[in-house]
Amino acid sequence: MTETSANTETAYRLVLISPDADLANTVTNAFQASKAFELQVIAKPAAEAEDVLRSLEPRILIIDLGSGGPDDLEALGACADALGAPVPTIVIAERCESALVRRMMQLRISDFIVKPIAVADLIRTCVQVLGSAGEAEKVEAEIRTFLPAAGGVGTTTLVLEAASLLNNKGLGDGKGTCVVDLNFQHGSCADYLDIDPQFDVDEIENNPERLDRQLLEVMLSTHDSGLNVIAAPHQPSELRSFKPEVVIRLLDLVSSYFENVVIDMPRIWFPWTETVLRGSDKLYVVADMTVPCIRNAERLVRAIERQVAPEAKPGVIVNRFEQKMFDGGLKRADLDGVLKDSFLGGVSNNYPLVREAVDRGVPLQSVKPNSNISTDLADILFAGQADEVREKKSLLGFLSKKPKRAA
Ligand SMILES: Nc1ncnc2c1ncn2[C@@H]1O[C@H](COP(=O)(O)OP(=O)(O)OP(=O)(O)O)[C@@H](O)[C@H]1O
Ligand SMILES: [Mg+2]
């Protein structure tokens, strides 16, 4: 059973699958006056919509998945199969469980909206989805994520230096590099660069769809060196988690506007951690040169490979690396033995340089270009990239990104 609202012959056909009469009415009213969109409603649950859907040729599919339970997830896959060719799809659900997020990533869903929907958001999302499909040839951000194997190993230092190196190496298309500090409670990216953190999680927490390009610009801090930083003001007394939607929305948006995104991850495993790891192109576990930390790094790498994304291959960077450790200390051969292929390389120990950079609020490169830390890190980041032709990726968004192997 389908109902059609409006429109012109040249309108884009939207198909909404929803057994929820109120939602169908709201969406029908929203698009009634639109000359750009022609809406067809399949007033059935997604599990029963497959046959009708096959006969339609939607330009955009909107599926109401209700509670997003196992049957709904199966129905989502069946609808995607029924269409044959990939069609930009927006999912509406009552909540965003991790199983749903996982399935949406696998199916390359363009966007999702949590009920109750705001009509303006749905219209804007449809317009963005069409715009994104038209811009499919653009290069999307390369997302590099740094995870600590222990506290204080130098993750933030390496994140900022990596971002600075990438920014200097930019393709010159003006899109630049953005550091995202996901240590929302007590991140130090903004402190190390002596800039004011502007990202107000509270303002968007209950309505992540509100976060658009304009709001992002307000919440972005820019350093004199040209680096862009998303960091939240410290909330040391408040230990709380943030909804996965906030993080996903943020990374989706940031990855559409920047050439490079470098993420500083917290040590604690949050409900959104796996999604971030899966959406990253390269994963770097940062360790220092102590036995417990190297063991932790090895465990973390195996856990990510086993549980998060079997095809992802996180690599380990050993910070404050010394070739000749004192007797009884770790040696390079020990690292190779424990970490095997996942050992990407060491970054030199140079405390005076790091300390001067932090005290002056500048990247290491501004204190000393081509320092041992910069060259070590550049070797790791750009290993094997000399002849690499940059792959053009679809702009379907962060959710559509597939994990890649670390360099
Ligand atoms: N390559 C290095 N050589 C010498 N000192 C370093 C190096 N990298 C980091 N440090 C120093 O180590 C300390 C911790 O660095 P940093 O804050 O980057 O670590 P972190 O892993 O982000 O810490 P946290 O767990 O608090 O987030 C700092 O004092 C920093 O100056
Ligand atoms: Mg840190």
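Going by the structure above, here's the rest.
Report follows, based on the coordinates. The structure displayed is predicted, hence computed values, not measured ones. (Residues numbered from 1 in each chain as written. Chains lettered and ligands numbered in written order. Predicted model: local features only at pLDDT ≥ 70, side-chain atom pairs only at ≥ 80, totals over all residues. Heavy atoms only, no water.)

**Considering the environment of Val347**
(1) Moving on: Structurally, the position occupied by Val347 is in strand 14 (residues 343-348).
(2) Moving on: Residue class for Val347 comes out buried when judged on its relative accessible area of 0%.
(3) Moving on: For the pair Val347 and Phe321, spaced 26 residues apart in sequence, the C-alpha to C-alpha distance is 5.4 Å.
(4) Moving on: Beyond its immediate stretch of four places on either side in the chain, Val347 contacts Leu158, Ile317, Val318, Asn319, Arg320, Phe321, Ile373, Asp376, Leu377 and Ile380. (Helix = DSSP H or I, 4+ residues; strand = E, 2+ residues; numbered from the N terminus. Buried < 20%, exposed > 50% of the residue type's maximum accessible area, 1.4 Å probe, protein only. Contact = heavy atoms within 4.5 Å.)

**Points about the site of ligand 1**
(1) Moving on: Around ligand 1, the surrounding shell holds 16 residues, and the nearest of these are Gly152, Thr156, Thr157, Tyr192 and Arg320.
(2) Moving on: One of the side-chain N or O atoms of Asn319 is found 2.9 Å from a nitrogen atom in ligand 1.
(3) Moving on: Within the side chain of Asn349, an N or O atom sits 3.3 Å from a nitrogen atom of ligand 1.
(4) Moving on: When isolated, ligand 1 has an accessible area of 630 Å², and the protein chains bury 77% of it.
(5) Moving on: By residue class, the composition of the shell around ligand 1 is five nonpolar, 10 polar and one charged. (Near = heavy atom within 4 Å. Polar contact = N/O pair within 3.5 Å; in protein donor to acceptor, adjacent residues only side chain to side chain. Areas by Shrake-Rupley, 256 points an atom, 1.4 Å probe, with all protein chains shown as cover. Nonpolar A, V, L, I, M, F, W, Y, C, P; charged D, E, K, R; others polar.)

**As for the pairing of strand 5 (residues 89-93)**
Remark: a regular strand shows side chains that alternate across the two faces of the sheet.
(1) Moving on: The element strand 5 is extensively covered by neighbouring structure, given that five of its five residues are classed as buried.
(2) Moving on: On strand 5, burial covers both faces: Thr89, Val91 and Ala93 on one face and Ile90 and Ile92 on the other are all buried.
(3) Moving on: Relative to strand 5, strand 4 (residues 60-64) runs parallel, the two being bridged by four bridges. Each residue of the ladder has a partner; that of Ile63, found in strand 5, is Val91.
(4) Moving on: Between the parallel pair strand 4 and strand 5, the chain is carried across by helix 3 (residues 70-83), and the sense of this crossover is right-handed.
(5) Moving on: Bridging between strand 5 and strand 6 (residues 111-114) involves four bridges; their strand directions are parallel. Bridge pairing links Ile92 to Ile113 in strand 6. (Pairing = 2+ DSSP bridges. Right-handed = clockwise from strand over helix to strand, strands pointing away.)

**Some words on helix 6 (residues 155-168)**
(1) Moving on: When the terminal C-alpha atoms of helix 6 are compared, their 20 Å separation across 14 residues agrees well with the 20 Å that a helix rising 1.5 Å per residue should span.
(2) Moving on: For helix 6, the tally of buried residues reaches 13 of 14 residues, placing the bulk of the element in the interior. (Expected span 1.5 Å × (residues − 1).)

**As for the sheet that holds strand 12 (residues 282-288)**
(1) Moving on: What the eight strands build is an open sheet, ordered 9-10-8-11-7-12-13-14; its pairing is mixed. Whereas interior strands pair on both sides, the edge strands pair on one side only; in this sheet they are strand 9 (221-222) and strand 14.
(2) Moving on: Where strand 7 (residues 142-148) and strand 11 (residues 260-264) come together, five bridges link them in parallel fashion. Its bridge partner lying in strand 11, Ile143 is registered against Val261.
(3) Moving on: Set on the sheet, helix 12 (residues 291-308) makes contact with strand 7, strand 12 and strand 13 (315-321); between it and strand 12 the angle comes to about 160°. (Axes fitted to C-alpha atoms, helices over the stretch in contact; angles between N-to-C directions.)

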